[in-house]
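Understanding the architecture of this molecule
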Amino acid sequence: MTAVASLSPAQLRAALAGPGLTLGTGRFTTRLHSPIASVADSIGLLYADYPLLDDTAFADFHLQLTRPLTHRRWLKPQVTLLYDGRSLFRPLPLDQAYPMFEWGLNWCVSSRANRYLIVHAAVVEKNGRAAILPAPPGSGKSTLCAALVGRGGWRLLSDELTMVRLDDGLLVPLPRPVSLKNGAIDVIRAYVPDATLSPPVTDTVKGTVAHMKAPGTSVARAGETALPGWVIFPRYQAGAELTAQPLARADTFMELAANCFNYSLLAAAGFEALAGVVESAPGWRFTYSVLDEALAFFDGLARS
Amino acid sequence: MSGWRIVSGQTLHHRCWDGMAVLYNDLSGATHQLSEQALALLLDLRDDLLSSDDLADPALADLLDNLRSLDLIEARMAPGIEPV
């Protein structure tokens, strides 16, 4: 297998600006075109371990990041994302080009991959069982996810999109860079000192964002599904004692359903898939403030 | 009126755990959380296991009202009476 790392920075920029780069990202293949240097640099930094596929390979998603040719482009340079050649999103400031790629790819999967039930949740695995972490923005979900995979020995399946295969209820990995926001960036820099992070981008709609490279072992195991083991609704609360309260399965079901992208679209198939998850994976409401304590709790689960 | 019946066309996908149930209404697309008793009553109505006398039991009034408010059941009219 050829990996993105086999390309020199100059080759990577040339490929992105020319025929495009065909990336294997878990179950999906993405063909990306972009002449923007910061996109090439971040792809080189964060996707070095990912399979580089032939230009003629079938691609699930075709994305282009380009600079719109407006008269204001010299004053306020912008970037726009094209999906299948069409612009579906508002342009963003040019320095947000790489985050826009990540957000756009999340949109592609969450709005197009309807062979899976997709939950807005991080998902990590150890000893064959996965912990699903659904939570709204600002709850500390991605910070916890980054700590679990960067230091706790858990395998990253995804930091944003839990994909439940409708046929058998198994969780399909989509290991991609972990999105960190605001204070979480420095927290993870300190807690996982050997983590590779993209340069922070300020003033996005989510505040300051940076992406942490997914562990190479998680990328290498992107073809290995996992069994749902636990559903844990995390919440970071400064100074709080660690608490973990078991949830009734019906409550877990309803909260999970509220965090799905396509539960309603999938109708009865979505209900059955979600019920399968809840039957295999007991729910917990989890509050933490200290990452060491949180990781110890998760290790206890994995050993149980 | 002579009783209650489930709104026709529903498949009643459901699960019941520890006294609480979840139910998918494939007509409305809504998912409901119900008590185990409410689900049991709904399934009995589906299977036509309850007489008019059973359904007139005041002890069932709240459960029936709850199921009706969720559009899972509807009044069964006596022959010759059309709903307004």
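Everything below is about the structure printed above this text.
In this report, the structure presented in the accompanying data block is examined. Everything quoted here is computed from the prediction, not taken from an experiment.

A few words on the overall build of chain B. A tally of helices and strands in chain B yields three helices and five strands. When the 84 residues of chain B are sorted by exposure, 21% land in the buried category. In chain B, once contacts between residues fewer than 6 apart in sequence are set aside, the share between residues at least 24 apart is 54%.

Another aspect to go through is the overall build of chain A. Summing up its helical and strand segments, chain A has nine helices and 17 strands in all. The C-alpha radius of gyration computed for chain A amounts to 19 Å, which stays within 12% of the reference 19 Å derived for 304 residues, consistent with globular compactness. Summarising its shape, the C-alpha atoms of chain A cover approximately 55 × 40 × 35 Å along the three principal directions. The buried share of chain A, taken over its 304 residues, is 46%. Across chain A, the fraction of contacts at a sequence separation of at least 24, relative to all contacts at a separation of at least 6, is 72%.

Another point: unusual backbone geometry. Residue and element names in this part refer to chain B. Although it is not a glycine, leucine 12 sits at a positive phi angle of roughly 60 degrees. As for its placement among the helices and strands, leucine 12 is situated in the loop between strand S1 (4–6) and strand S2 (13–17). Residue leucine 12 is classed as partly exposed on the basis of its 15 C-beta neighbours within 10 Å. Here aspartate 71, not a glycine, exhibits a phi torsion of approximately 60 degrees, which is positive. Among the structural elements, aspartate 71 can be located in the loop between helix H3 (61–69) and strand S5 (73–75).

This part is about helix H3 (residues 97–112) of chain A. Its 16 residues give H3(A) an end-to-end C-alpha distance of 22 Å, which sits within 8% of 22 Å, the value for a rise of 1.5 Å per residue. Those residues of H3(A) that sit buried are A:Ala97, A:Tyr98, A:Pro99, A:Met100, A:Phe101, A:Trp103, A:Gly104, A:Leu105, A:Asn106 and A:Val109.

Attention now goes to the interface of chain A and chain B. Across the boundary between the two partners, chain A contributes twelve residues, which contact 13 residues of chain B. Those elements that provide at least two residues to the side of chain A that touches chain B are helix H7 (249–258) and helix H8 (263–280) of chain A. Top contributing element to the side of chain A that touches chain B by residue count: H8(A), with six residues. Of the residues in the side of chain A that touches chain B, the class split is nine nonpolar, one polar and two charged.

Definitions and limits used
- Residues numbered from 1 in each chain as written.
- Chains lettered and ligands numbered in written order.
- Predicted model: local features only at pLDDT ≥ 70, side-chain atom pairs only at ≥ 80, totals over all residues.
- Helix = DSSP H or I, 4+ residues; strand = E, 2+ residues; numbered from the N terminus.
- Buried ≥ 20, exposed ≤ 12 C-beta atoms within 10 Å, placed from the backbone.
- Contact = placed C-beta atoms within 7 Å.
- Rg over C-alpha atoms; globule rule 2.2 N^0.38 Å.
- Expected span 1.5 Å × (residues − 1).
- Nonpolar A, V, L, I, M, F, W, Y, C, P; charged D, E, K, R; others polar.

What is shown is where atoms sit, not what they do.
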